[in-house]
Amino acid sequence: MNALSEEVAAWIENQSHNSRLIESQEATSSGNNSGASLLTKGRLLMSCTKKEKYSFICESFFMTTRVLNLGLMKALSDFKHLVQELARYEEELSTCKAMRDQGASPQLEEDIKRLEKVIEILSQDKLCYEAQILRDGALLQRALSFYRLVIIWMVDLVGGFKMPLPPKCPMEFACIPEHFIDDAMDLLIITSRIPRALEGFVLDDFLNFIIMFMASPSYVKNPYLRAKMVEVLNCWIPHRSGLSTTASLFEGHQLSLEYLVRNLLKLYVDIEFTGSHTQFFDKFTIRHNIAELLEYLWEVPSHNNAWRQIAREEEKGVYLNFLNFLINDSIYLLDESLNKILELKEIEAEMANTTEWERRPPQEREERMRQFHSRENIVRFDMKLANEDVGMLAFTSEQIPTPFLLPEMVERVASMLNYFLLQLAGPQRKSLSVKDPEKYEFRPKQLLKQIVKIYVHISRGDKENIFPAAISKDGRSYNEQLFSTAADILWKIGEDGKIIQEFVQLAAKAKAAASEAMDAEAILGDIPDEFLDPIQYTLMKDPVILPSSRVSVDRAVIQRHLLSDSTDPFNRSHLTQDMLIPDTELKLRIEEFIRAQESRKRSKTSGLQFSKPNEPDDGVADMVE
């Protein structure tokens, strides 16, 4: 679970010299005691050392976990892969039939016949698996009962069902094979998707186990195994599970109320780096499961309160990291989706020109159709996740706007919103129209409404009026006319009038902030390079020294960098926020420079007021120059 092979071997060798095993007679005696609880039986299984003979219960326990791993769970794994393979072939067949409508080649007809035959064979195999295993409710229930014993035994190794976990993972737990948890989670996922398979089965211990370990990499090292725990919880969301009892699981358990939201947010952050070569794409599927759970929990008052408390307590910690990755994902997914939509439009236009299309060789048409259907699937998946992420930004910003306004976050949030607004209300918006946008889960009106609501929600929480300046500071996407155009569109599509009015007021504030920024830039004139942040080349407000490279940067800029990457950007050495050294001397010099430039501006203005008409003084001449 969390130990190298060498560590396991060394620990077993050490244990063999100082055995703490329970005698087999005691194990047999306890095993015959019908009143023994699962916990008592579990304590008899803690032997993992070099011993020639083990108790009957111990041997039976470990033998059963291995037999299930090689038998039932292997069969269920094969079934899962079979279903996935069947779905891929069915999708490929659907694509081929769509291409046949555009003109079929002999090779295409052969492919269709081949696919139909493969699908028939796989469908028969699928039915056999279902009849032999999935309909054997008694077998599945007994397997679930056994895995309940397994997780209770594992929890007993770390001190029972309580949080927080001990700081150091016990070697007894660290040495357990991963498949103990992996098999239990796989069985729960499978049975959760079989109607009535979990009726009457008590899931409380599984829920508590998942909450304890899904955000504990020091206990369960494999991030994909912890992600699988979230997949189980996702199956138990009440509207999906079809069981009335699952609502009480989430809403009535103390561990759930105290730790579920916190651990989901932590796992959302941890999953950014899994160590796999596919980690960039894997994280989106995992975060999709987490996002669905968080969306459900947001509507549960007790969990909503816990969420807001975490945002207050972890404003500079895990919650800020969560928001940062949520914004990163939103930008990437929406950007990818919109670019792929443009590619789809290009192919649609080619097919619409029937004369030119039919002149192309059949093989070329087939290849373009394959590209079209491939991009359709990508757009559908990315857009679904983008809608989810933007929706989460919308409802969290309404009740928890403060983290969006932190110095290291506010400019990034403003740039993201401006970019989205440019795509959805800018001059290029008409190029995003496709024949059937709903097929791709592309809902531009809904997206625009949500983006504008995020603007308004953050503005409502902006007591220091810093958000308008951040909006206007964005040189890439900000355009005052864009806000006016967006407001006109909102009136046409029926957005709430109050939201539109607040949005227009925010636009006016941003315009005024842009004007003030230009005046301030004119006052400061040429800024010495040493006062400019070396990353963004803007005037530093709170310079800090990076301990390794000894470079001075603006605190907000480096904090924004550290949210995604815990390294010094100049030499890649490890760096955290608490390692930053305030550059007090440089800060004083910057403040003195600003005061001097403002004083110079005031003296020039004063000279202008007292100069004679038609005889400009030196100050005015300097200003004109």
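Residues numbered from 1 in each chain as written. Predicted model: local features only at pLDDT ≥ 70, side-chain atom pairs only at ≥ 80, totals over all residues. Heavy atoms only, no water.

**Some words on the overall build of the protein**
Let me state the cut-off plainly: In this text, helices come from DSSP runs of H or I with a minimum length of four residues, and strands from runs of E with a minimum of two, each type numbered from the N-terminal end. Three exposure classes are used, based on accessible area relative to the maximum for each residue type with a 1.4 Å probe and protein chains only: buried under 20%, partly exposed in between, and exposed over 50%. In this analysis, two residues are considered to be in contact whenever any of their non-hydrogen atoms come within 4.5 Å of each other. Throughout, the Shrake-Rupley method with a 1.4 Å probe supplies accessible areas, and for residues the shown protein chains are the sole cover considered.
Scanning the protein from N- to C-terminus turns up 27 helices and three strands. For the protein, buried positions account for 45% of its 625 residues. For the protein, the share of sequence-separated contacts (at least 6 apart) that also reach a separation of at least 24 residues comes to 73%. Counting only carbon and sulfur atoms, one obtains 51% of the accessible surface of the protein, whose full area is about 31,600 Å².

**Observations regarding the pattern of salt bridges**
Side chains that differ in sign of charge can pair as their charged atoms come close. Applied cut-off: Salt bridge, as used here: a side-chain nitrogen of Lys or Arg that lies within 4 Å of a carboxyl oxygen of Asp or Glu.
Applying the stated criterion across every chain yields a total of 30 salt bridges. The salt bridge partner of Lys340 is Glu336, with a shortest N-O separation of 3.6 Å. Taken together, the residues Lys340 and Glu336, both in helix α17 (residues 318–352) and four residues apart, mark about one turn of the helix. Via salt bridges that share partners, Glu272, Lys283, Arg287 and Asp329 belong to a single interconnected network.

**Some thoughts on helix α23 (residues 480–493)**
In plain terms, the rule: One less than the residue count of a helix, multiplied by 1.5 Å, gives the span that helix is expected to have. The directions considered for the arc run from the helix axis to the C-beta atoms. A 3.5 Å cut-off defines polar contacts: any pair of N or O atoms within that distance qualifies, except that in protein one atom must be a possible hydrogen donor and the other a possible acceptor, and neighbouring residues in sequence count only when both atoms are side-chain atoms.
Taking 1.5 Å per residue, 14 residues should reach 20 Å; α23 reaches 21 Å between its end C-alpha atoms and fits that length. Within α23, burial applies to Leu482, Phe483, Ala486, Ala487, Ile489 and Leu490. The buried residues of α23 occupy an angular sector of 165 degrees when the element is viewed end-on, so they sit on one face. Buried-residue contacts for α23 involve α20 (407–425), α21 (444–460), α22 (467–473) and α24 (497–524). You can read the cap of α23 off the contacts: a side-chain oxygen lies 2.9 Å from the backbone nitrogen of Gln481, and it is on Asn479. In the stretch just after α23, Gly494 is the one whose phi turns positive, near 85 degrees.

**Examining the nonpolar core**
The condition is simple: Among the buried residues, those of types Ala, Val, Leu, Ile, Met, Phe, Trp, Tyr and Cys that are joined through side-chain atoms within 4.5 Å form a nonpolar core. Here the bounds of each domain stem from an automatic or database domain assignment.
Judged by nonpolar contacts, the single largest core of 168 residues is most densely connected at Met154, Phe213, Trp236 and Phe322. Take this core: its biggest share by element is 15 residues, from α17. Residue contributions to this core reach at least three from each of two domains, namely domain 1 (58–321) and domain 2 (324–523). Core analysis: the second largest hydrophobic core is formed by seven residues, Leu546, Ile558, Leu562 and Leu580 among them.

**Topic: the packing of aromatic side chains**
Put simply, the rule reads: The aromatic pairing rule takes the rings of Phe, Tyr and Trp, using the six-membered ring of Trp, and pairs them if the centres are within 6.5 Å, calling planes under 30 degrees apart stacked, those over 60 edge-to-face and the rest tilted.
Per the stated rule, a full pass over the model turns up 28 aromatic pairs. Seen from their ring centres, Phe61 and Phe146 are 5.7 Å apart, and the 45 degrees between their planes marks the pair as tilted. With Phe61 in helix α4 (residues 56–70) and Phe146 in helix α7 (residues 137–157), the pair connects residues that are 85 residues apart, well separated along the chain. For Phe61, a relative accessible area of 3% puts it in the buried group.

**Some details on the side chain of Arg368**
Relative to the helices and strands, Arg368 resides in helix α19 (residues 362–399). Since its relative accessible area comes to 18%, Arg368 is described here as buried. In terms of polar contacts, Arg368 uses its side chain to reach the side chain of Gln371, at 2.7 Å. Apart from the residues within four sequence positions on either side, Arg368 is in contact with Glu346, Ile347, Glu350, Trp357 and Arg360.

**Considering the state of the cysteines**
Basically, it comes down to this: Disulfide: a pair of cysteine sulfur atoms within 2.5 Å of each other.
What the rule picks out here adds up to zero disulfides. Free cysteine: Cys169, not disulfide-bonded; nearest cysteine sulfur from Cys175 at 8.6 Å. Overall, Cys169 belongs to the buried group, its relative accessible area being 12%.

**A look at the packing of α21 against α24**
This is how it is decided: For every element, the axis is a line fit to its C-alpha atoms; helices are fit only across the contacting stretch, and the angle between N-to-C directions ranges from 0 to 180 degrees. Each angle gets one of four labels, with under 35 degrees taken as roughly parallel, over 145 as roughly antiparallel, 65 to 115 as roughly perpendicular, and the rest as oblique. Crossings are classed by handedness, with left-handed meaning an anticlockwise turn of the near helix from the far one by less than a right angle and right-handed meaning a clockwise turn. Gly is placed with the polar residues, together with every amino acid not listed as nonpolar (Ala, Val, Leu, Ile, Met, Phe, Trp, Tyr, Cys and Pro) or charged (Asp, Glu, Lys and Arg).
Direction vectors running N to C along α21 and α24 enclose 70 degrees, while the axes themselves pass 9 Å from each other. As judged from the angle between their axes, α21 and α24 are roughly perpendicular. The interaxial crossing formed by α21 with α24 has left-handed handedness. On α24, the residues that touch Val452, Lys453, Tyr455, Val456, Ser459 and Arg460 of α21 are Lys498, Ile499, Glu502, Phe503 and Leu506. Partitioning the contact of α21 with α24 into residue classes produces six nonpolar, one polar and four charged.

**A few points about the sheet that holds strand β1 (residues 543–545)**
In plain terms, the rule: The pairing criterion for strands is at least two bridges between them, as found by DSSP.
The antiparallel open sheet is built from three strands, whose spatial order is β2-β1-β3. Each having just a single partner strand, β2 (552–554) and β3 (581–582) make up the two edges of the open sheet. Taken together, the three bridges between β1 and β2 define a ladder with antiparallel strand orientation. Bridging across to β2, Ile545 finds its partner in Ser552. Along the sheet face, helix α25 (residues 555–562) touches β1, β2 and β3 and points at about 85 degrees away from the line of β2.

**With respect to the packing of helix α5 (residues 72–100) against helix α6 (residues 106–134)**
Remark: α5 packs on α6, axes separated minimally by 9 Å, with the N-to-C direction vectors making an angle of 150 degrees. Taken together, the axes of α5 and α6 are roughly antiparallel relative to one another. As α5 packs across α6, the resulting crossing turns out to be left-handed. For the contact of α5 with α6, the per-class residue count stands at 20 nonpolar, one polar and twelve charged.

**Examining unusual backbone geometry**
Note that the residue after Met163, namely Pro164, is joined by a cis bond; omega there is 0 degrees. Here Pro164 lies in the loop between α7 and α8 (171–174). Its identity is not glycine, yet Arg550 carries a phi of approximately 65 degrees, on the positive side. Residue position: Arg550 is located in the loop between β1 and β2. Arg550 gets classed as exposed once you look at its relative accessible area, which sits at 51%. A positive phi angle, close to 65 degrees, is found at Arg572, a residue other than glycine. Among the structural elements, Arg572 can be located in the loop between α25 and β3.

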